[in-house]
Amino acid sequence: MSAALEANIARAIVAVEEKPWEPNREVTLERLRIVDMMHEDWPKCRLCGQTVNRLDPAGLCSKTSTSHQERRGLPVPKKKAGASA
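We now turn to the structure provided with this report. (Residues numbered from 1 in each chain as written. Predicted model: local features only at pLDDT ≥ 70, side-chain atom pairs only at ≥ 80, totals over all residues. Heavy atoms only, no water.)

1. Here we look at the pattern of salt bridges
Then comes step 1: Scanning all chains against the criterion turns up two salt bridges.
Then comes step 2: Between Arg33 and Glu30 there is a salt bridge, with the nearest N and O atoms lying 2.7 Å from each other. Within this pair, Arg33 and its partner Glu30 are both found in helix H2 (residues 25-38), separated by three residues, close to a single helical turn.
Then comes step 3: Judged by its relative accessible area of 41%, Arg33 is partly exposed.
Then comes step 4: What makes Glu30 partly exposed here is its relative accessible area of 35%. (Salt bridge = Lys/Arg side-chain N within 4 Å of Asp/Glu carboxyl O. Helix = DSSP H or I, 4+ residues; strand = E, 2+ residues; numbered from the N terminus. Buried < 20%, exposed > 50% of the residue type's maximum accessible area, 1.4 Å probe, protein only.)

If you want it as C-alpha cells, here you go:
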C-alpha cells in the first residue's frame, strides 16, 4: 500500500473511534415498530399475550408458571405455609 492510502485509512479509523455513541429514541422506536409489524401475524399466548413461534394444544406459550400450568389443567403443588420461594 502507498503511504498516502495508509494515512487515509488511519485517519478514517481514528475518526470512527472518536465518535461517541448516543442513543436515538426515534431510531429505536422506528426499529421496534418494524419488528412489531413483522410479528403481527404470529400467534400469541391466550394467558399472557406473549408472541411465540407456536402454541401448545391449550393455546399457551411454553412458560411453566403456576397460572400457565393451571390453565393447562396440570396439578400445581400448593406452597406450604412459611416456605420461602
